[in-house]
Number of protein chains: 2
Amino acid sequence: MSPVMTVIRQAARPAGPPREEDFEVVSLPVPDLVDGHVLVENLYLSVDPYMRQLMDWGGWELGGGLEGQSIGRVLESRDPSLPVGALVVHRHGWRTHAVPAVAEVRRIEPAAGVPLSAYLGILDITGLTAWVGLTRIARLHPGDDLFISAAAGAVGGAAGQIARLLGARRIIGSAGSAAKVEHLTSRLRFDAAFDYHEGRPADLLSAAAPDGIDVYFDNVGGEQLEAAIGALREHGRIAACGAVAQYNTLSTPPAAPRNLLDVVEKSLRFEGFIVNRHLDAREEFERFLVPRLRDGTVLIDETVVDGFENTVPAFLQLLRGGNIGKMLVRLTAE
Amino acid sequence: MSPVMTVIRQAARPAGPPREEDFEVVSLPVPDLVDGHVLVENLYLSVDPYMRQLMDWGGWELGGGLEGQSIGRVLESRDPSLPVGALVVHRHGWRTHAVPAVAEVRRIEPAAGVPLSAYLGILDITGLTAWVGLTRIARLHPGDDLFISAAAGAVGGAAGQIARLLGARRIIGSAGSAAKVEHLTSRLRFDAAFDYHEGRPADLLSAAAPDGIDVYFDNVGGEQLEAAIGALREHGRIAACGAVAQYNTLSTPPAAPRNLLDVVEKSLRFEGFIVNRHLDAREEFERFLVPRLRDGTVLIDETVVDGFENTVPAFLQLLRGGNIGKMLVRLTAE
């Protein structure tokens, strides 16, 4: 076993987009294991948009351990229920090793034909967010027309693929580059997609969905939310799971949406959710998704960066939109 | 019977607050009755905030008949199901007489001890809006803390009184004058109330509800909606039934709320509704309310203006906030 572990900490509060200097990398001795804990070697780390917000006041502690979803293998165990060699998902990310309590980890036993990384992506919080947003919040019906923003991101891409299987009729996505738009329509089988830089979101959405939409899966807020409110039909629903557009600019939140009156006039429902309040949906979701991952109906849509030393660059790249699908760091060959 | 009827029409589209010159009053011969129609003498006319919006493009036709909820008495009938003398509620308002089809009217038989005007106020669309907003949209639970904007208006006052009977714990209202605030706390038994002119709505609400709220009944949008989003607890609900703050300023809608990210972080639900989509709730609502009107548990909260010639002034007064409770015009002594 490794006598030291390498840990990334936040060193400074960013004013605007975070930089590499806002983080520090330290080596620490692995603490002695106590009963009920395990030593885990991390194999994959997840970097996610919500972490940007944790970098501000009230989120991550400066100099403290950062939270982040990870997959690791048990190297040493002080609990008989979790043997050496077991694979676990846990939240002690941003580090090479962790010593979580057994109660803090979730053991996984990857299904044959499903790659390990899926258990940190579409089979984990990312996919569950898409599932909960579609089934519990938006309550998608077969035949609904759906718009998804940040659709080439991890949640958005999962939402588009899952919505298709749930019977959505027309699926429209927005993304931040021509390559991502191409990815949506060619690989993820969206019916239409647009680059939100190419005009007013209201015009772009209206061109892509001239007859309107029934559901909007909101990952960004702001102008695209306004466009969606305009395009929604009566009794339309918005599932809001994040607001990336605001994460870097909390001091000056966007003026949009300016058309909230439409929420009344069209009897719309705009509902936010945090996936952590819906973890009980995990079992039904896995039952639904695993067979579709195995037979290739659902693509595992991920950008994998190799090497622990590239964790911070991977996170910064994610915040600049430099990923397609789930952004992961692979620490070691499986 | 009267050989002529007097009718108010819209003469011009207002730019900003409507003026008396935007209306015209004309006398017309009463048309000949055809089968299936009745001649109705109007007794009460309702003027409502939503009418401001109908004055704009896409609403009322210039020179056409205006729509408005009314109570009338049948003077002449060409349908055996609706005899002379019957009392009816219908939408041919803004006039002394109307000749609706029988299918367009709803016959009422006022319960003993309930004044006729209640059937155009708290027992009609006004009260039903409060009922639907609380029971179907916000899904108020006993023990919930509730904030209502425009609480001295017809819908707001009804919502406060009904919420009390549904078991709301703390009921807070906002209104536009000290007299209205006093009315809310002394007559309608709100637990707290504030005049929204007296500071930032967020500060005023936070002083009135330091521990937060569970439900917001939104009649205004804008800054008060933003304040409510800030004050709502996790899983809080907003029922949005109107946006009076926007009616006079549709060309420059307010930028607020700027805190929609809170909708996600606190898993809030913001849902608009149009009461016309919920008319099936009328029966349960009447069953609930009539006994409470009879025994005086619920006050009939209205401002009554006498004389058909005062209809336009009454409407303009309503838009300036010069009413407490439901605003009605009484055409003739009962």
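About the thresholds
Residues numbered from 1 in each chain as written. Chains lettered and ligands numbered in written order. Predicted model: local features only at pLDDT ≥ 70, side-chain atom pairs only at ≥ 80, totals over all residues. Heavy atoms only, no water. Domains from an automatic or database assignment. Contact = heavy atoms within 4.5 Å. Buried area = accessible area lost by both parts, 1.4 Å probe. Polar contact = N/O pair within 3.5 Å; in protein donor to acceptor, adjacent residues only side chain to side chain. Helix = DSSP H or I, 4+ residues; strand = E, 2+ residues; numbered from the N terminus. Expected span 1.5 Å × (residues − 1). Buried < 20%, exposed > 50% of the residue type's maximum accessible area, 1.4 Å probe, protein only. Phe/Tyr/Trp six-rings, centres within 6.5 Å; stacked < 30°, edge-to-face > 60°.

Where an unreviewed UniProt entry is consulted, chain A appears under the name Putative NADP-dependent oxidoreductase YfmJ, with the organism given as Actinoalloteichus hoggarensis.

Once that is clear, we can look at the domain arrangement of chain A. Residues and elements named next belong to chain A. Domain parsing of chain A yields domain 1 (4–117 + 300–330) and domain 2 (125–276). For domain 1 versus domain 2, the separation of C-alpha centres amounts to 29 Å. Counting residues at the interface gives 16 residues for domain 1 and 14 residues for domain 2. Counting each side, the surface lost to burial between domain 1 and domain 2 is near 1,100 Å², with a carbon and sulfur contribution of 54%. Linking domain 1 with domain 2 are 5 residue pairs in polar contact (both at pLDDT 80 or more), by the criterion used here. Ranked by residue count, the leading element in the side of domain 1 that touches domain 2 is helix α1 (residues 50–54), at 3 residues.

Quick look at helix α2 (residues 125–137) of chain B now. All names here are of chain B. Spanning 13 residues, α2 covers only 16 Å between terminal C-alpha atoms, well under the ideal 18 Å at 1.5 Å per step. I125, T126, G127, L128, T129, A130, W131, V132, G133, L134 and I137 are the residues of α2 that are buried. Phi turns positive one or two residues past the end of α2, at R139, with a value near 50°.

Quick look at the packing of aromatic side chains now. Residue and element names in this part refer to chain A. Scanning the entire structure with this criterion turns up 16 aromatic pairs over all chains. Both rings, one in W94 and one in F315, keep their centres 5.4 Å apart while their planes meet at 80°; by these two values the pair is edge-to-face. Within this pair, whereas W94 is found in the loop between β5 (87–90) and β6 (97–98), its partner F315 is found in helix α10 (residues 311–319), the two being separated by 221 residues in sequence. Classification of W94 as buried rests on a relative accessible area of 2%.

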